[in-house]
Structure formats: structure tokens, C-alpha cells
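# Understanding the architecture of this molecule
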Amino acid sequence: MIILGSLFILCVLLLIGVSVPLAFGGVLVFIGVFGGHDVTGFLPTGHWKMNSIVLLAIPLFILAGAIMERGRIAAPLVSVAELLVGRIHGGLSAAAVFASGIFGSISGSAAATLTCIGSIMMPHLKAANYPRGPAAALIVAACPLGLLIPPSSSQILYAWVAQQSVLKCFLSTVVPGLILITLLCMVNYVLMREADLKLLERPASYPQEFVRRGGRAFPALLMPIIILGGIYGGIMTPTEAAGVAVIYAIPVGLFIYRGLTPQNIWPTLRYAGTTIGVVMLMVFVVVIVSRFLVFEDIPGMAKDLIFSISDNPIVILLMVNLVMILIGMLMDDISGLLLSAPLLLPIVQSVGMDPVHFAAVLGVNLGMANITPPTAPLLYLGAKVTDTPVSEMLKPTFIMILFAWLPTLLITTFVPEVALWLPNFVFG
């Protein structure tokens, strides 16, 4: 009854708009008052779990993402994508998908990707007669690519919780990310096929223009090469790579793209500090709640409940996915991951799923849930960034979920090689 009451309070607090850390804090108060547990006994566990060098990569990547967002690093990436596909029917909106994948791999943040790419691409799309609702929905559907294309803060957290290799978890989401990019572009082509679009004209000197724009975008493209090359080359740990990303982003934003100025450095640091504080507080509180769930053997009870319904691995994996989607619809990707990973990992392992494979399934699930109503935080943020009513975005968003995100999730879940081929190829 205490568990059911905790879940009820958590859902109510989240639905009425209470922030995630305070909602989980309310759960802890309920457990302490009505459950007969000394909550202070769980505090050392939270402190011990937080004392991790791997976890230090999260605030560093958040800081790097904030600097890159303010430093206008996305603009040259969008320019190159426009040149490559802008002359194809629907190609300009497809450029937003490619740009989201590239910028997401740099920032590791879906919200930062949406803010940057959405604010840059939406005026271009409107000028080219793209329908406002489908265009905005596509930008929103593509921004969670930052959770799949490495380096991803969510995968660092999962590796920390599940005691897995960060590098293998990074690699597990690469192929699902590429599948999602392909499907989003296909759905976009179908949605735009009847629209009267203005296609970009081919430059008179295409090779020279490509070299010019590519050279302009090279410093931005060099960042993921440095980060991922350093990690997979054994030169840097993920935490060290996050620090290098911060050091690299500052001069690039200041002197090359000049979006970062001495006047806005402090607001950028303040914004990053606020975000880091919220995220790390949320991690601390959710870790304590997760510890309580493990202490009460809730994962074992959930496993017994699911196996009492069916012992068919396909049915079990479908139920696990459904649970993750429901969790992700109620909270952000970080808190959803911290809650669902310790709860569901024992269940999927019991049917033979590799923990690295589950990292990819969890990443796709949480990305899809972030754009799925009723909460859909990225959908509402996208409405503000693109100045588009949510009502116009709902139908195309559901189409992209149904024909792009959901197929990617099913393929990733039931074809293990999609997630495991690249980690096995790299690490043997």
C-alpha cells in the first residue's frame, strides 16, 4: 500500500505541475511519515552514489551545450545541410533532421538542439511555404536525436546506474539513431508531397560554395570528432572529454562564430549552473527513491507480476516498453531513466536481453516519450520556439511517432544486432 500510495502521489504531483525533484521529495516525505522508514538512513546512499567521477561528465556536457547554444554553432551546420538537400522537394525540412542529429551529437541535449535548430530553421521553412504544423512537428520529433547520437548524457547516466561500459552504451544508440533519421525523412517526404514549396536554387559555383560553407562549419564538426575520437581512441575518459568540450567550445564561440561575447558569458554560465543544479538535485532525490524501491524488492515484485501475466519473451518486452513509455510521458528523460533502469533491467535480463541492448531500447523509449502527450515537454517547448500552436502540431507529431519513432523502437527491441553490432564490432 505504501508503494501504491507513493506512485499515486508522484503521478498527482507531476500532473499538477510540481517540478520533478520536489515531486520525488514529496514521495520521500510520504514514505518517511506513513511507511515507517527513516528516510535519513537513505541519504548516505544518495551521497555515495553521487560521488562518482563518471557522473561529473553530466554537468560538463550541460555547460558545453549551453556555450554552444549561445555561441551560434548550429548556424553553419544548418547552412551545409541546406546546401546538400535544399533543392529536393521537402529537403529543407529534412535538413533540420540532419542538423538536429549533428548538433545533438555535439550538445547531447534535446532541449538545446530544439532551441537552436528550431529558432534557425523555422523562419527558413516559413519563407519556403512549408506548412507550419508539420514543419514544427518534424523539428520537435528530430530534437531527441541528441539522446541517441553520442555523446549522450542519458547514456552516461544509464551506464552509471547499470554498471556498464559508457563507451558501449554510447555505441548502442548509433544505429537506432540512423534508422530514426531515415524514417523521419521518409515521413517528412510523404507529409510534404502535396505542399507548394519553394525549392532552393543551385548556386552557380556549387563546389566552391560547398567548400566555403564546409570550411565555415568545420570547427563545429571538429568537436564531435575530437570528443568521440579521444574517447574511442583511449586518449580520454568520457569525463575528460566533457571537460575538453567545454574548453574547445569557449574559443570557438568567442572568436570563430562570435555568438559568445564577454557580455553574455555570465548569463550563459548562470543558465548552465541553474540547469546543472536542477539535474543533479533530481539525480540525488531519484537515486534515493530508487534505493528505497530496491530495498523493498519492488523490481522482484514487478518481475513476478509481469511473469504471472505471461512468460512469453515478446509479450514481456512489449509490457516493459509500455511501462517505459508511461514513465517517460510523465517525467523528463533523466528522471525517467533513473526510475526505470533499476526497476526494469532485472526483468529484461531474465528474458535474455543484454544490458547494453537495453541501453538503446531505453534511449529510444525516453526520446519518444518526451514528444508524446499528455506531458510532452519537448512538444510544448517546440511550440514556443517555432511560434506554432500545439493544436497544429499534434496530428503530424502522432504520425511521426507512429511511423518513425515506434518502428525504430520495435526494431531496436526485437532485433538485438541493431544495438549490439557496433559495440561488438569495436570491442570484439
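Look up: the structure comes first, before these words.
In this report, the structure presented in the accompanying data block is examined. (Residues numbered from 1 in each chain as written. Predicted model: local features only at pLDDT ≥ 70, side-chain atom pairs only at ≥ 80, totals over all residues. Heavy atoms only, no water.)

Bringing the packing of helix 7 (residues 110-127) against helix 19 (residues 377-386) into the picture now. Close contact between helix 7 and helix 19 brings their axes to 9 Å; oriented N to C, the two are set at 40 degrees. With respect to helix 19, the axis of helix 7 lies oblique. For the element pair helix 7 and helix 19, the recorded crossing hand is right-handed. Every residue of helix 19 that contacts helix 7 at Ala110, Ala111, Leu114, Thr115, Gly118, Ser119, Met122 and Lys126 is listed here: Leu378, Leu381, Gly382, Val385 and Thr386. In terms of residue class, the contact of helix 7 with helix 19 is made up of 7 nonpolar, 5 polar and 1 charged. (Axes fitted to C-alpha atoms, helices over the stretch in contact; angles between N-to-C directions. Helix = DSSP H or I, 4+ residues; strand = E, 2+ residues; numbered from the N terminus. Parallel < 35°, antiparallel > 145°, perpendicular 65-115°, else oblique. Left-handed = near helix turned anticlockwise from the far one by under 90°. Contact = heavy atoms within 4.5 Å. Nonpolar A, V, L, I, M, F, W, Y, C, P; charged D, E, K, R; others polar.)

Within the secondary structure layout, threonine 388 lies in the loop between helix 19 and helix 20 (390-414). Note on threonine 388: relative accessible area 3%, which makes it buried. Aside from chain neighbours lying at most four places away, what touches threonine 388 is Met122, Arg132, Gly133, Ala136, Ala383 and Met393. (Buried < 20%, exposed > 50% of the residue type's maximum accessible area, 1.4 Å probe, protein only.)

Let us look at the nonpolar core. Core analysis: the largest hydrophobic core is formed by 145 residues, its most contacted members being Phe24, Leu157, Tyr158, Leu184, Val283, Val320 and Phe358. Sequence-distant contacts of leucine 157, defined by excluding residues within four places in its chain, comprise Leu55, Ile58, Val283, Ile334, Leu337 and Leu338. (Core = buried A, V, L, I, M, F, W, Y, C linked by side-chain atoms within 4.5 Å.)

We now examine the side chain of serine 93. Looking at where serine 93 falls in the secondary structure, it is placed in helix 6 (residues 91-107). If sequence neighbours within four positions are ignored, serine 93 has contacts with Leu125, Tyr130, Leu138, Asn188 and Met192.

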